[in-house]
Amino acid sequence: MGVYGKAVLIRLRDALKISDARGAHTKLADRLGISRSHLHEWQKNDQVGFVRVLDLCAEEDLDLNHIFFGRSQPETVEIEILDIDPTIDDPLQTLEDINLAVESLRKSLATRKV
């Protein structure tokens, strides 16, 4: 498995607090909603099921920068983003627009062969 795919799966496993003990592979596959053999195929073919990983990250509120790139944003960034532009009339609408963009990205990725 390539360094990128392996690193993504290791960071995902760690973020989900799945120990590196025996059975961790099965637990990770279960959390991703795939069979253990399917996860093995990802590893064998140097692939990562991005849609599955994105869905699990969204479900568990995991930091995508950390899972995919090994980088984490400081926690204060979220607060700064909310305070950057006080002229926004409806911050919840802005958040809804962001969620729509994320959903659109998911759909786009889902149509690609992973």
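Above this text is the structure in question.
Because the structure is predicted, anything quoted here is derived from the model rather than measured.

Novice: Would you mind going over the nonpolar core in detail, with residue names and values included?
Specialist: In this structure, L12, L16, L28, L32, L39, V53 and I67 are the most contacted members of the largest nonpolar core, which totals 20 residues. Breaking this core down by element, the ones donating at least two residues are α1 (3–15), α2 (24–32), α3 (36–44), α4 (50–60) and α5 (64–69).

Novice: Could you give an account of the packing of α2 against α3, naming the residues involved and the relevant values?
Specialist: Packed helices, taken two at a time, are described by the angle between their axes plus the distance between the axes. Where α2 contacts α3, the axes come no closer than 8 Å and their chain directions differ by 100 degrees. Regarding the angle of α2 to α3, the classification is roughly perpendicular. Between α2, through H25, T26, L28, A29 and L32, and α3, the contact on the second element is made entirely by R36, L39, H40, W42 and Q43. Here the contact of α2 with α3 is composed, by residue class, of five nonpolar, four polar and one charged.

Novice: Lay out α4 in plain terms, naming residues and giving numbers.
Specialist: By the burial criterion, the buried members of α4 are V51, V53, L54, L56 and C57. Immediately beyond the C-terminal end of α4, within one or two residues, lies D61, with a positive phi of roughly 55 degrees.

Novice: Requested: an account of the pattern of salt bridges, with residues and values cited.
Specialist: Throughout the structure, instances matching the rule amount to four salt bridges. Residue R13 is joined to D14 by a salt bridge in which the shortest nitrogen-to-oxygen separation is 3.1 Å. Using a relative accessible area of 15% as the deciding quantity, one classes R13 as buried. Looking at D14, the relative accessible area reads 42%, which means it is partly exposed. Its salt-bridge partner being E103, residue R106 comes within 3.5 Å of it at the nearest N-O pair. Of this pair, R106 and E103 are both found in helix α7 (residues 91–111), three residues apart, which corresponds to roughly one turn of the helix. With a relative accessible area of 33%, E103 lands in the partly exposed category. Overlapping salt bridges bring together D55, E103 and R106 as one network.

Here is what the cut-offs are and how they apply
- Residues numbered from 1 in each chain as written.
- Predicted model: local features only at pLDDT ≥ 70, side-chain atom pairs only at ≥ 80, totals over all residues.
- Heavy atoms only, no water.
- Core = buried A, V, L, I, M, F, W, Y, C linked by side-chain atoms within 4.5 Å.
- Buried < 20%, exposed > 50% of the residue type's maximum accessible area, 1.4 Å probe, protein only.
- Helix = DSSP H or I, 4+ residues; strand = E, 2+ residues; numbered from the N terminus.
- Axes fitted to C-alpha atoms, helices over the stretch in contact; angles between N-to-C directions.
- Parallel < 35°, antiparallel > 145°, perpendicular 65-115°, else oblique.
- Contact = heavy atoms within 4.5 Å.
- Nonpolar A, V, L, I, M, F, W, Y, C, P; charged D, E, K, R; others polar.
- Salt bridge = Lys/Arg side-chain N within 4 Å of Asp/Glu carboxyl O.

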